[in-house]
Every structure is written in C-alpha cells, then in structure tokens.
Amino acid sequence: MELSPELLRKLETLAKIRLSPEEEALLLQDLKRILDFVDALPRVEGGEAEEARGRLREDEPRPSLPQAEALALAPETEDGFFRVPPVLE
C-alpha cells in the first residue's frame, strides 16, 4: 500500500488531530516501516511458527487457587469476592 501525504492528511482528519509538517514527515516514515513489516509477514516461512507451536505445553486443567488464598492480598473483600471501587456512578 502506498502512503501519500494526501492519505496522511485524510488520516489526520479522521483521527481529529493536527500535525506539524515535521510530525507528518516522521509519521509518514513510521507508517511506511510498519506497512512494509506487515507486507513481509506472509513471506515468513511457516517452519519457525510450527517449531514454536511444538514447544508449548498442552492445555490441561489444573487445580485453581483456593479462594481464601486469592483474597488474602486483596485490599478489600466482601462476601468472598474482591471489592472494587464503582466504575459507573
């Protein structure tokens, strides 16, 4: 994908930001590097990914942490649950 200054200005408008010419030049370089990296991903050989997958442990159920132990370090608890400040009033 080709990044042009016009496309960068359109992205600026969509993001509702205003960049200086210096910031535009830096952002354009950064975006080009990111897109070049993403374009190269399909060309990475699958062998490395397959090897990494083979090194992962099997997903097996294990005993969970006892409730008392999980709540022991909580700043506040209530009726066997973590008590947290309200997010919405």
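To keep things clear, this report deals only with the structure shown in the data block. (Residues numbered from 1 in each chain as written. Predicted model: local features only at pLDDT ≥ 70, side-chain atom pairs only at ≥ 80, totals over all residues. Heavy atoms only, no water.)

**A closer look at the overall build of the chain**
Reasoning step 1: Of regular secondary structure, the chain possesses four helices and two strands.
Reasoning step 2: The linear arrangement of helices and strands in the chain, starting from the amino end, is α-α-α-α-β-β.
Reasoning step 3: Counting the 89 residues in the chain, one finds 9% classified as buried.
Reasoning step 4: Pairs at least 24 residues apart make up 27% of the contacts formed inside the chain by residues separated by at least 6 positions.
Reasoning step 5: When the accessible surface of the chain is summed, it comes to about 8,600 Å², and 58% of that surface belongs to carbon and sulfur atoms. (Helix = DSSP H or I, 4+ residues; strand = E, 2+ residues; numbered from the N terminus. Buried < 20%, exposed > 50% of the residue type's maximum accessible area, 1.4 Å probe, protein only. Contact = heavy atoms within 4.5 Å. Areas by Shrake-Rupley, 256 points an atom, 1.4 Å probe, with all protein chains shown as cover.)

**Digging into a nonpolar patch on the surface**
Reasoning step 1: Taken together, the side chains of Ile34, Phe37, Val38 and Leu41 define a hydrophobic patch exposed on the protein surface, amounting to about 390 Å² of accessible area.
Reasoning step 2: Structurally, leucine 41 can be placed in the loop between helix 2 (21-40) and helix 3 (46-54). (Patch = residues over 30% accessible without salt bridge, like charges linked within 9 Å, V, L, I, M, F, W, Y side chains within 5 Å. Salt bridge = Lys/Arg side-chain N within 4 Å of Asp/Glu carboxyl O.)

**A few points about the pattern of salt bridges**
Reasoning step 1: Taken as a whole and assessed by the stated rule, the structure comprises four salt bridges.
Reasoning step 2: The salt bridge partner of arginine 33 is aspartate 30, with a shortest N-O separation of 2.6 Å. Pair noted here: arginine 33 and aspartate 30 are both in helix 2, with a separation of three residues, about one helical turn.
Reasoning step 3: In this structure aspartate 30 comes out as partly exposed when scored by relative accessible area, which is 34%.
Reasoning step 4: In this structure, arginine 83 engages glutamate 76 in a salt bridge whose closest nitrogen and oxygen atoms are separated by 3.5 Å.
Reasoning step 5: When salt bridges with common partners are traced through the structure, they connect Glu76, Glu78 and Arg83 into a single cluster.

**Quick word on the environment of glutamine 67**
Reasoning step 1: Note on placement: glutamine 67 falls in helix 4 (residues 67-71).
Reasoning step 2: By relative accessible area, which is 48% here, glutamine 67 ends up partly exposed.
Reasoning step 3: Along the backbone, glutamine 67 and phenylalanine 81 are 14 residues apart, and their C-alpha atoms lie at a distance of 8.7 Å.

**Some words on the environment of proline 5**
Reasoning step 1: Looking at where proline 5 falls in the secondary structure, it is placed in helix 1 (residues 5-15).
Reasoning step 2: Judged by its relative accessible area of 38%, proline 5 is partly exposed.
Reasoning step 3: When the C-alpha positions of proline 5 and leucine 28 are compared, they lie 7.6 Å apart, and in sequence the two are 23 residues distant.

**Observations concerning unusual backbone geometry**
Reasoning step 1: For lysine 16, which is not glycine, the phi torsion reads 60 degrees and is therefore positive.
Reasoning step 2: Tracing the backbone through its elements, the reader meets lysine 16 in the loop between helix 1 and helix 2.
Reasoning step 3: Located in the positive-phi region is aspartate 79, a residue other than glycine, with phi close to 50 degrees.
Reasoning step 4: Here aspartate 79 shows up in the loop between strand 1 (77-78) and strand 2 (81-82).

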